[in-house]
Amino acid sequence: QSALTQPRSVSGSPGQSVAISCTGTSSDVGFYNYVSWYQHHPGKAPKLMIYDVTKRPSGVPDRFSGSKSGSTASLTISGLQAEDEADYYCYSYAGSNTWVFGGGTELTVL
Amino acid sequence: QVQLVESGGGVVQPGRSLRLSCAASKFTFRTYAMHWVRQAPGKGLEWLAFISWDAIHKSTADSVKGRFTVSRDNSRNTLSLQMDSLRTEDTAVYYCARDFSEKYTIDYWGQGTLVTVSS
């Protein structure tokens, strides 16, 4: 149950696009199409942004998109806005009713 | 809107026990699986435990296996986490969270309760 690997931080200017990667193994990200992404503002409850690799819950802007290739998933945020500044976590099913988070990525909007 | 309210956090000495509770409302608790997740200070989120809607299936992360036990009372809409043999590294904000049925993820979270393990 090792944490998935994410970059510690990414940044971008308003209007730009950024991508956050999430690398796992053939036992989690690489095996299951059950990758999710959460947005977490400190002191608040995390918010589900993407599930099943590419799907957005209702209410999540289509500026947020997800993808996966092999054992690496990615979250792309286009048209960056100030309110997107937050921590982002990937999350994958790992089999036998266990799950694993990524280490988290701090997004800074310049 | 789904509501999950954790309670039971506080300061506890190493080696002691603590029981967290999560009161669920505004959804049919008895039909949903649930999770516990924590976040240590300055660290990322860590999945801890899962319990199926009927409590038949349970699982815990290796980091807490044998020390933490998840349970639920569907008659009281309550999820619990019994934490024994606490260590300083268990200091964290503990969240209860609702399983997003058949999607193998979490859709709603509580606000969390802080547990500090310190002598």
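Refer to the structure presented above.
Figured I'd write up the structure that's included with this text. Note that the coordinates shown come from a computational prediction; the quantities given were computed from them, not determined experimentally.

The next subject is the overall build of chain A. Each helix and strand counted, chain A has zero helices and nine strands in total. For chain A, the sequential pattern of α-helices and β-strands runs β-β-β-β-β-β-β-β-β. Taken over C-alpha atoms, the radius of gyration comes to 13 Å for chain A, in line with the 13 Å a tight globule of 110 residues would show. For chain A, buried positions account for 47% of its 110 residues. If you take every contact in chain A between residues at least 6 apart in sequence, the share linking residues at least 24 apart comes to 56%. For chain A, the exposed area adds up to about 4,900 Å²; of that, 45% sits on carbon and sulfur atoms.

If you look at the biggest cluster of nonpolar residues, it comprises 46 residues, and the most contacted ones within it are Phe 101 of chain A together with Trp 36, Leu 79, Leu 81, Met 83, Tyr 94 and Trp 109 of chain B. In terms of nonpolar packing, the next biggest core, distinct from the first, is built from 23 residues, Val 35, Phe 64, Cys 90 and Val 109 of chain A among them.

Inspection of every chain in the model, using the stated rule, returns two disulfides over all chains. Across the disulfide from Cys 22 of chain A sits Cys 90 of chain A; the S-S distance is 2.1 Å. Its S-S torsion of approximately 80° makes the covalent link between Cys 22 of chain A and Cys 90 of chain A right-handed. Highlighted residues: Cys 22 of chain A in strand β2 (residues 18–23) and Cys 90 of chain A in strand β7 (residues 86–93), separated in sequence by 68 residues. In this structure Cys 90 of chain A comes out as buried when scored by relative accessible area, which is 0%. Across a sulfur-sulfur distance of 1.9 Å, Cys 22 of chain B and Cys 96 of chain B are joined as a disulfide pair. Placement of Cys 22 of chain B in strand β3 (residues 18–25) and of Cys 96 of chain B in strand β9 (residues 92–100) is noted, with a sequence separation of 74 residues between them. Per residue, the accessibility class of Cys 22 of chain B equals that of Cys 96 of chain B, and both read buried.

Definitions and cut-offs
- Residues numbered from 1 in each chain as written.
- Chains lettered and ligands numbered in written order.
- Predicted model: local features only at pLDDT ≥ 70, side-chain atom pairs only at ≥ 80, totals over all residues.
- Heavy atoms only, no water.
- Helix = DSSP H or I, 4+ residues; strand = E, 2+ residues; numbered from the N terminus.
- Rg over C-alpha atoms; globule rule 2.2 N^0.38 Å.
- Buried < 20%, exposed > 50% of the residue type's maximum accessible area, 1.4 Å probe, protein only.
- Contact = heavy atoms within 4.5 Å.
- Areas by Shrake-Rupley, 256 points an atom, 1.4 Å probe, with all protein chains shown as cover.
- Core = buried A, V, L, I, M, F, W, Y, C linked by side-chain atoms within 4.5 Å.
- Disulfide = S-S within 2.5 Å.

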